[in-house]
Amino acid sequence: MKKNSIFAILSVLVIVTMLLASCKKAPTADVTLSFRVVDRAYLPSPDKVAQEIQAQLKEVGINVTLKEMESAAFIDATSAGQEAFYLLGWNADYPDATNFYDYHFGNANNQQFGDLFPDMVAEISAAGKTSDEDARQAHYDTINQMLKDDLMMIPVAHGGSSTAYQANVKGAHSSPLGNENFSVVSNGTDKFVWMQNGEPASLWCADETDGETLRACEQVYEALLGFSIGGSDVVPALAESYEANDNLDEYTFNIREGVKFHDGAELDASDVVATFVAQWDAMSTNHVGRTGTFEYFGAFFGSFINAESQAAELVDADGLLSLTAPDCEYGGEFKSIEAVDAMTVKFSLCAPDPAFPSKVAFSVFSILDKDFLDANNGDSVKISNSPNGTGPYIVKSWNRGDSVVFEANPEYWGDKALTQNLIFRWSEQSAQRLLELQAGTVNGIDNPGPDDVPAIEADANLALYPREGFNIFYIGFNNKIAPFDNLEFRKAVTYAIDRERIVDQYYATGSSVAGSFVPQFIKPGASPDVEWYDFDQAKAKELLKGLGYSVPN
């Protein structure tokens, strides 16, 4: 009798346990979406888009907590691989597909996506080393298919954008690269005030990636080459000319005579070598910057020399500097940089690079005086306190949180700035920028919001300057942080996002849903035959359910 009672009790317990187990609900998928409230050409309304994505994912059972971050902190955190799920984008720095793919998916210094995929890195490297357009496109077709298969991010939009100025401003322009040059701009007074989206992170850009920072640097510093005003053609700058060998793995630059830095020092070839060595040589005492990552160098030119042990040393031969790698096994593009004579510098590369002139034209590779660089130990904070470039403007003051004040460089080697005093201010809100432009407290603004464009076009006192959508807005995943370390989860999120609705609701005329990571007009680069995932909520729910998450009916 006692045995029967025990058996009955055990049976009841088993049944109750089974019933409780069957009643237990599957867990919900809970994630955090990080973003910064800074309007950019690629993302005009980040807070609204974040809320839209939050609502779209809620419909398939993914609960999203929004995490708004300060701009510089957000950029640093995503780059360091600390954010799992985030909104970010890219404005082109030079007109070539290498600028998009190499920086994001072939650059170990950029950890935002988590682990890179070696086969993709190899394809990206191969694409950048050939000048044959058909061969390059074949590589990019493979890369775009890999990006779809591995799902490192969701390409959402190529955003049309613009600048706006008071109608009486001469020389007003917008740049497809976002590098407006204010030395050619005048409103007929001795002061021009520009309002952009955010404050510069520093005033030396070797170790920066943010567009607001780069634009400020571009008024003060210059690279060997530059880009045409309002365009993307490579033009002479501190180098008056250059030559490449037939194999495109050796470039020789002829330095312009008579150029002076703001402190009066004269430019020579060793300044060029010292500037590049500060980024290339991981053991250089000037390899400091702001974060120490020098992301652009890694993206454009591969690994640092001396990253693990001393393999090469800077040589000073009677004032002519050079640095030569013993071989190319260290993984970088540079074989050597040499001051051939006082006004000639030669770059020898480990492989052909047809985009090399466009790369060295970018402001991150602006030239500093060697002695100034040494005196400040390559420290971005120190350099930002007393910027010393060769450009048309000199930094008079940086009032943190309020403004950067520039004044015209009276010793500038080229055409002098048309306006004596240039002031940069900033506001994250496009409505605030427009109000100040209408009130006349600023003379030009960056990136008016889509809702602001009709008001600008209807105002005879204002003028709009559209920009081509030379950019990409993407939703990023870090594949080392759960639950985004699971490919099936990343697919579920991808199917749940209605990209067309985002573009229709929040983007200006001239914008488009992204078909590839690069705009369709970039050839080689875009792959229209590699079609992205469709918006499919049912498929998203199916994947989530298969992963054990609860989904709404």
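Our structure's up above, just so we're on the same page.
Residues numbered from 1 in each chain as written. Predicted model: local features only at pLDDT ≥ 70, side-chain atom pairs only at ≥ 80, totals over all residues. Heavy atoms only, no water.

### A look at the packing of aromatic side chains
All chains considered together, the criterion is met by 53 aromatic pairs. Ring centres of Trp 90 and Tyr 296 lie 5.5 Å apart, and the angle between their planes is 50°; this geometry places the pair in the tilted category. Of this pair, Trp 90 sits in strand S3 (residues 85–91) while Tyr 296 sits in helix H9 (residues 295–301), and the two are 206 residues apart along the sequence. Pairing Phe 300 with Phe 365 gives two aromatic rings, centres 5.7 Å apart and planes at 50°, and the pair type is tilted. Highlighted residues: Phe 300 in helix H9 and Phe 365 in the loop between helix H10 (356–360) and helix H11 (370–375), separated in sequence by 65 residues. This pair shows no difference in class: Phe 300 is buried, exactly as Phe 365 is. (Phe/Tyr/Trp six-rings, centres within 6.5 Å; stacked < 30°, edge-to-face > 60°. Helix = DSSP H or I, 4+ residues; strand = E, 2+ residues; numbered from the N terminus. Buried < 20%, exposed > 50% of the residue type's maximum accessible area, 1.4 Å probe, protein only.)

### Considering the pairing of S3
Within S3, seven of the seven residues are buried, which leaves it mostly tucked inside the rest of the structure. Of the two faces of S3, the one holding Phe 85, Leu 87, Gly 89 and Asn 91 and the one holding Tyr 86, Leu 88 and Trp 90 are both buried throughout. As defined by bridge partners, S3 adjoins strand S20 (residues 471–477) across seven bridges and the pair is classed as antiparallel. Counted as the bridge partner of Gly 89 is Phe 473 from S20. (Pairing = 2+ DSSP bridges.)

### Thoughts on the nonpolar core
With 150 residues, the main nonpolar core has Phe 334 and Phe 347 as its most contacted residues. Among the elements that line this core, the one with the most residues is helix H8 (residues 269–280), at eight residues. By size, the runner-up hydrophobic cluster in this structure holds eleven residues, among which are Val 193, Val 405, Leu 434 and Ile 456. (Core = buried A, V, L, I, M, F, W, Y, C linked by side-chain atoms within 4.5 Å.)

### Focus: the environment of Leu 373
Inspection of the secondary structure puts Leu 373 in helix H11. Counting along the chain gives 124 residues from Leu 373 to Asp 249, while the straight-line C-alpha distance between them is 28 Å.

### Side note on empty space enclosed by the protein
Under the definition given, this model contains three cavities of 30 Å³ or more. Empty space within the largest cavity amounts to approximately 430 Å³. In this structure, the largest cavity is lined by 39 residues; those nearest its centre are Arg 40, Asn 91, Thr 209, Asp 210 and Gly 211. Elements supplying a minimum of two residues to the lining of the largest cavity: helix H3 (71–79), S3, helix H4 (98–105), helix H7 (211–217), H9 and S20. A per-element tally of the lining of the largest cavity places S3 first, with four residues. In this structure, the second largest cavity spans a volume of roughly 70 Å³. Around the second largest cavity, the lining residues are Asn 144, Leu 147, Lys 148, Met 153, Pro 155, Gly 515, Ser 516, Phe 517, Val 530 and Trp 532. Only helix H6 (133–150) and strand S4 (153–158) provide two or more residues apiece to the lining of the second largest cavity. The greatest single-element share of the lining of the second largest cavity, amounting to three residues, is contributed by H6. (1 Å grid on protein atoms, 1.4 Å probe; cavity = no way out; pocket = protein on both sides within 12 Å on 5 of 7 lines; lining within 4 Å. Points joined across faces, edges and corners; volume = space filled by probe spheres on them.)

### As for the layout of surface pockets
Approximately 630 Å³ is the volume attributed to the largest pocket. As for the largest pocket, its lining consists of 32 residues, and the residues nearest its centre are Asn 181, Glu 222, Phe 227, Ile 229 and Tyr 412. Listing elements by their share of the lining of the largest pocket, those giving two or more residues are strand S7 (225–227) and strand S8 (234–236). No other element matches S7, which puts three residues into the lining of the largest pocket. Here the lining of the largest pocket is built from residues that sort into 15 nonpolar, twelve polar and five charged. Taken as a whole, the second largest pocket encloses approximately 500 Å³ of empty space. The wall of the second largest pocket is formed by 25 residues, among which Gly 106, Ser 125, Phe 301, Gly 302 and Gly 331 lie closest to the centre. Where the lining of the second largest pocket is concerned, the elements lending two or more residues are helix H5 (118–128) and H9. (Nonpolar A, V, L, I, M, F, W, Y, C, P; charged D, E, K, R; others polar.)

### Digging into a negative patch on the surface
On the surface, Asp 141, Asp 529, Glu 531, Asp 534 and Asp 536 cluster together into a negatively charged patch. Here Asp 529 lies in the loop between strand S21 (512–513) and helix H17 (537–546). (Patch = residues over 30% accessible without salt bridge, like charges linked within 9 Å, V, L, I, M, F, W, Y side chains within 5 Å. Areas by Shrake-Rupley, 256 points an atom, 1.4 Å probe, with all protein chains shown as cover. Salt bridge = Lys/Arg side-chain N within 4 Å of Asp/Glu carboxyl O. Lys, Arg positive; Asp, Glu negative; His and termini not counted. Charge placed at Lys NZ, Arg CZ, Asp CG, Glu CD.)

### Concerning the pattern of salt bridges
Inspection of every chain in the model, using the stated rule, returns 20 salt bridges. With its nearest N and O atoms 2.6 Å apart, the salt bridge here joins Glu 52 to Arg 501. Of this pair, Glu 52 sits in helix H2 (residues 46–58) while Arg 501 sits in helix H16 (residues 499–506), placing them 449 residues apart in sequence. The class of Arg 501 is partly exposed, set by a relative accessible area of 37%. One network of salt bridges, in which partners are shared, links Arg 36, Arg 40, Asp 210 and Glu 212.

### Focus: H8
Counted at 1.5 Å a residue, the expected span for H8 with its twelve residues is 16 Å, and the 16 Å between its end C-alpha atoms agrees. Listing the buried residues of H8 in full gives Ala 269, Ser 270, Asp 271, Val 272, Val 273, Ala 274, Thr 275, Phe 276, Val 277, Ala 278, Gln 279 and Trp 280. Two to three positions downstream of the cap, the backbone nitrogen of Ser 270 sits 3.1 Å from a side-chain oxygen, assigning the N-cap of H8 to Asp 268. (Expected span 1.5 Å × (residues − 1). Polar contact = N/O pair within 3.5 Å; in protein donor to acceptor, adjacent residues only side chain to side chain.)

### Remarks on the pairing of strand S14 (residues 344–349)
Of all six residues in S14, five are buried; the element is thus mostly enclosed. As defined by bridge partners, strand S13 (residues 334–341) adjoins S14 across six bridges and the pair is classed as antiparallel. Residue pairing in the sheet places Ala 339 in a bridge with Val 345 of S14. Hairpin connection from S13 to S14: two residues lie between these consecutive antiparallel strands.

### What to know about the state of the cysteines
Inspection of the entire model under this criterion finds two disulfides. With its sulfur 2.1 Å from that of its partner, Cys 205 forms a disulfide with Cys 217. In this structure the cystine formed by Cys 205 and Cys 217 twists about its S-S bond by roughly 80°; its chirality is therefore right-handed. Placement of Cys 205 in the loop between strand S6 (191–196) and H7 and of Cys 217 in helix H7 is noted, with a sequence separation of twelve residues between them. Of the two residues, Cys 205 and Cys 217, neither departs from the other in class, the shared state being buried. Numbered in order of appearance, the disulfide-bonded cysteines of the protein chain are paired 1-2, 3-4. (Disulfide = S-S within 2.5 Å.)

### Comments concerning the sheet that holds strand S16 (residues 403–408)
Read across the sheet, seven strands follow the order S15-S16-S17-S6-S18-S5-S19 without closing on themselves; strand pairing throughout is mixed. Two strands bound the open sheet, and with one partner strand each, they are strand S15 (393–399) and strand S19 (462–467). The mean inter-strand angle of the sheet, taken between neighbouring strand axes irrespective of direction, is 20°. Across four bridges, the pairing between S16 and strand S17 (residues 421–426) is antiparallel. Each bridged residue has a counterpart across the sheet, and for Val 404 the counterpart in S17 is Phe 424. The sheet strands contacting helix H13 (residues 430–439) are strand S5 (161–166), S6, S17, strand S18 (444–446) and S19, and the helix crosses S18 at an angle near 165°. (Axes fitted to C-alpha atoms, helices over the stretch in contact; angles between N-to-C directions. Contact = heavy atoms within 4.5 Å.)

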